[in-house]
Amino acid sequence: MHKKYNVIIAGAGPAGLMAAIRAAQKGLKVLLVEKKATLSEALRTTGPFFRIKNPIHGEYLTLDKKNGKATVHFHNSNFDLDYKGPLIDMHNAYFFSNAGYRLNTTRKDRPLSCVYSMSALLGNLQDAAEEAGVECMTGTIALTAENAEKHIRLQVRRGNTVSWLETDYIIAADGLNSRLAETMGMNKNRPVILQGPCFEIVFEGADFPYPPGISFVFGKDMLGGSGFLFVYPYAGGENRLCVMVNNRFPADQSLKLINHFTQKSKFSSWFKKATPVHHTSAIVTIRSPMVTPSIGRMLFIGDAAAYGETLVPGAIRCGYYAAEAVQEELSGNNGFKKYEEFWSSNFEYVTNPQKQKDYTKILRLFRSLEDEDVDFLFKLSEEKGPIEEKGDVLASNEFTKANALIDYFLAFPQVQGALRTKLQTVRGNGPSPDGTIKDDL
Ligand SMILES: Cc1cc2nc3c(=O)[nH]c(=O)nc-3n(C[C@H](O)[C@H](O)[C@H](O)COP(=O)(O)OP(=O)(O)OC[C@H]3O[C@@H](n4cnc5c(N)ncnc54)[C@H](O)[C@@H]3O)c2cc1C
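Values in this document were obtained by computation on a predicted structure and should not be read as measured data. (Residues numbered from 1 in each chain as written. Predicted model: local features only at pLDDT ≥ 70, side-chain atom pairs only at ≥ 80, totals over all residues.)

(A) Main features of the sheet that holds strand β3 (residues 49-51). Pairing is antiparallel in the open sheet, where 3 strands are placed in the order β3-β10-β7. Two strands close off the open sheet at either side, each with one partner strand: β3 and β7 (87-90). Sheet twist, expressed as the average angle between the axes of neighbouring strands with direction ignored, equals 25°. Of the pairings in the sheet, the one linking β7 to strand β10 (residues 113-116) comprises 4 bridges and is antiparallel in character. Looking across to β10, one finds that Met90 is bridged to Ser113. (Pairing = 2+ DSSP bridges. Helix = DSSP H or I, 4+ residues; strand = E, 2+ residues; numbered from the N terminus. Axes fitted to C-alpha atoms, helices over the stretch in contact; angles between N-to-C directions.)

(B) Inspection of the pairing of strand β12 (residues 140-147) at higher detail. Across 7 bridges, the pairing between β12 and strand β13 (residues 152-158) is antiparallel. Its bridge partner being in β13, Ile141 is matched across the sheet by Arg157.

(C) Representation of the pairing of strand β6 (residues 79-83) within the structure. Looking at chain direction, strand β5 (residues 69-74) and β6 are connected through 5 bridges and run antiparallel. Paired with Phe74 across the bridge in β6 is Phe79. Remark: 4 residues form the turn of the hairpin made by β5 and β6, two consecutive strands paired antiparallel; Asn78 in that turn has positive phi of roughly 60°.

(D) View of helix α2 (residues 118-132). With 15 residues, α2 extends 21 Å between its outermost C-alpha atoms, agreeing within 8% with the 21 Å of an ideal straight helix rising 1.5 Å per residue. What α2 keeps buried is the set Met118, Leu121, Leu122, Asn124, Leu125, Gln126 and Ala129. Along its buried surface, α2 packs onto α1 (14-25), β2 (30-33), β6 and β10. With its phi angle positive at about 95°, Gly133 sits one or two positions after the end of α2. (Expected span 1.5 Å × (residues − 1). Buried ≥ 20, exposed ≤ 12 C-beta atoms within 10 Å, placed from the backbone. Contact = placed C-beta atoms within 7 Å.)

(E) Region of the structure containing the domain arrangement of the chain. Each domain of the chain was delimited in the assignment, giving domain 1 (5-47 + 117-190 + 288-351), domain 2 (192-286) and domain 3 (357-427). The C-alpha centroid of domain 3 is placed 37 Å from the C-alpha centroid of domain 1. (Domains from an automatic or database assignment.)

(F) Representation of the site of the ligand in the model. Gly11, Gly13, Gly47, Gly175 and Gly302 are the nearest of the 34 residues found near the ligand. Among the secondary structure elements, those contributing two or more residues to the shell around the ligand are α1, β12, β19 (275-287) and α6 (312-330). Residue contributions to the shell around the ligand peak at 3 residues, all from α1. For the shell around the ligand, a count of residues per class yields 16 nonpolar, 10 polar and 8 charged. For the shell around the ligand, the domains that each give at least three residues are domain 1 (5-47 + 117-190 + 288-351) and domain 2 (192-286). (Near = placed C-beta within 6 Å. Nonpolar A, V, L, I, M, F, W, Y, C, P; charged D, E, K, R; others polar.)

(G) A look at helix α9 (residues 361-368). For α9, every residue scored as buried is listed here: Lys361, Arg364, Leu365 and Phe366. On its buried face, α9 sits against β16 (213-218), β17 (228-233), α8 (353-359), α11 (401-410) and α12 (417-427).

(H) Looking closely at the sheet that holds β17. Strand order in the open sheet made by the 8 strands is β19-β15-β18-β17-β16-β8-β9-β22, with mixed pairing throughout. The open sheet is flanked by β19 and β22 (387-388), the only strands paired with a single partner. Bridge count for β16 against β17 is 4 bridges, and the pairing is antiparallel. Paired with Val217 across the bridge in β17 is Leu229.

(I) Inspection of the environment of Ala274 at higher detail. Within the element layout of this structure, Ala274 appears in the loop between α5 (252-263) and β19. On the basis of neighbour count, Ala274 is assigned to the buried category, with 20 C-beta atoms found within 10 Å. In this structure the C-alpha to C-alpha distance between Ala274 and Asp207, which are 67 residues apart in sequence, comes to 8.0 Å.

(J) Expanded view of the environment of Asn177. Along the chain, Asn177 turns up in the loop between β14 (161-172) and α3 (179-183). As for Asn177 and Ala411, which are separated by 234 residues in sequence, their C-alpha atoms are 40 Å apart. Excluding residues that lie within four positions of it along the chain, Asn177 makes contacts with Ile283 and Thr285.

(K) Main features of the packing of α1 against α6. Two elements in contact, α1 and α6, have axes separated by 7 Å at closest approach and are oriented at 35°. In this structure, the crossing between α1 and α6 has a hand that is right-handed. Contacts between α1 and α6 involve Pro14, Ala15, Gly16, Leu17, Met18, Ala19, Arg22 and Ala23 on the former and, on the latter, Val312, Ala315, Ile316, Cys318, Gly319, Tyr320, Ala322, Ala323 and Val326. When its residues are assigned to classes, the contact of α1 with α6 shows 14 nonpolar, 2 polar and 1 charged. (Left-handed = near helix turned anticlockwise from the far one by under 90°.)

(L) Local environment of the environment of Ile406. Summarising the element assignment, Ile406 is placed in helix α11. Judged by C-beta crowding, with 21 C-beta atoms within 10 Å, Ile406 ranks as buried. Here the alpha-carbon distance between Ile406 and Asn259, two residues 147 residues apart in the chain, equals 30 Å.

(M) The arrangement of unusual backbone geometry in detail. Residue Pro250 is reached from Phe249 by a cis peptide bond, and omega for that bond is 0°. Even without being a glycine, Asn239 presents a positive backbone phi close to 50°. Along the chain, Asn239 turns up in the loop between β17 and β18 (240-246). The phi angle at Leu311 is positive, at roughly 70°, despite the residue not being glycine. Along the chain, Leu311 turns up in the loop between β21 (298-300) and α6. Leu311 sits in the buried class, given 22 other C-beta atoms within 10 Å.

Below you can see the structure in the form of structure tokens.
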């Protein structure tokens with residue numbers, strides 16, 4: 001077997017594609033291995049939103065739209081990404097309670113976020129990879145790897161054939177539930193924090209009666225069971241609405257929630273003339289993050305190494321910096337160490353357990369509240385009017401928005417007694433003294 005590649009990248013999601021593009025642009029010989037048959041196909045559920053000027057994982061984005069294409073600017077990393085595909089501006093976000101009360105966050109001067117098409121984004125990245133000279137092997141599953149002193153081998157399966165590919169370095173970008181993380185022993189000290197199924201159904205001909213925005217819906221009458229779901233516009237196709245549930249096992253419970261919401265809830269009128277046209281699913285596993293995301297000549301990037309998710313912009317940045325890391329390694333420098341510094345300083349949950357708790361606090365908040373509590377809080381909010389977002393670059397991000405929401409509720413003098421204590425308890429993270437709120441999810 002002849003060594004042919006400087007780097008093999010396993011997984012062509014946003015992280016792997018960006019790593020491949022950058023590495024090839026730097027003149028490296030790159031092979032991209034992907035299990036899907038078609039790179040641009042978005043098979044796994046994800047929420048495709050560019051959050052504008054909303055800092056997260058050490059970065060924030062702005063969007064420049066011109067002549068049917070958009071340039072996504074990564075401010076702190078100082079690079080741009082061209083996106084050609086549908087975009088929907090969202091100036092609003094909504095939370096609906098069981099009785100239908102609405103908490104509405106809004107922004108007038110610019111969108112809070114834009115919905116994009118994941119297939120279009122992957123297709124754009126694929127075009128850039130081809131242009132940069134990346135060799136691609138689709139329909140191929142990366143199984144495991146073997147480190148040697150001067151090279152590393154990747155074991156792959158294509159159809160019924162298993163073979164080994166030799167290279168200088170491997171970037172593992174195989175995402176959520178990374179097989180390479182498992183087979184390389186990287187999950188040994190990464191306990192599972194949360195695991196559950198996720199479904200998304202796209203409905204055509206749906207009628208959302210408010211200006212476009214992401215909605216969160218809560219309550220037993222709305223869903224027919226416990227949990228919550230997301231509703232948001234689908235970029236690509238008129239009047240298409242996505243309904244997504246992220247729940248606990250058994251998996252069919254999630255589908256039941258979607259069916260109840262779209263057929264029996266007080267918002268079923270939105271779906272009266274709608275038909276389901278597309279669906280995706282995923283098993284979401286949140287593990288503690290890799291603190292040292294490498295083993296020998298293999299670097300783990302994006303969701304493969306994350307506490308749950310890096311989010312799409314975060315994954316793209318991982319790919320960008322991973323290519324630099326491999327180039328540095330090939331030049332005899334410690335590029336992986338540099339990547340590790342980027343990883344732990346930008347993705348705060350890597351080294352700070354408090355940030356891990358904050359990241360999932362929004363789930364904990366709503367799992368701690370009864371439907372009546374949520375009705376009461378959202379009614380107060382609806383009577384007060386929309387929460388208007390102001391300021392240039394937002395102060396709140398994924399880590400702090402649950403805290404900001406709790407503070408907003410606590411500012412109502414009507415919020416008293418057990419509900420106030422509950423909110424304060426979740427805000428402060430601890431389990432409640434009577435054990436009704438547990439210190440987990
Ligand atoms: C339910 C849900 C909602 C989300 N909502 C948002 C959101 O609102 N905004 C946001 O920015 N992000 C969101 N995310 C997170 C986002 O999707 C990820 O952070 C991002 O896609 C990570 O990119 P990645 O390249 O690391 O991994 P992935 O996107 O998972 O890509 C991994 C790639 O590797 C391939 N692969 C997997 N295993 C193998 C293997 N063994 N061999 C070869 N190829 C393999 C896969 O087919 C895939 O193409 C959400 C995720 C989920 C699950």
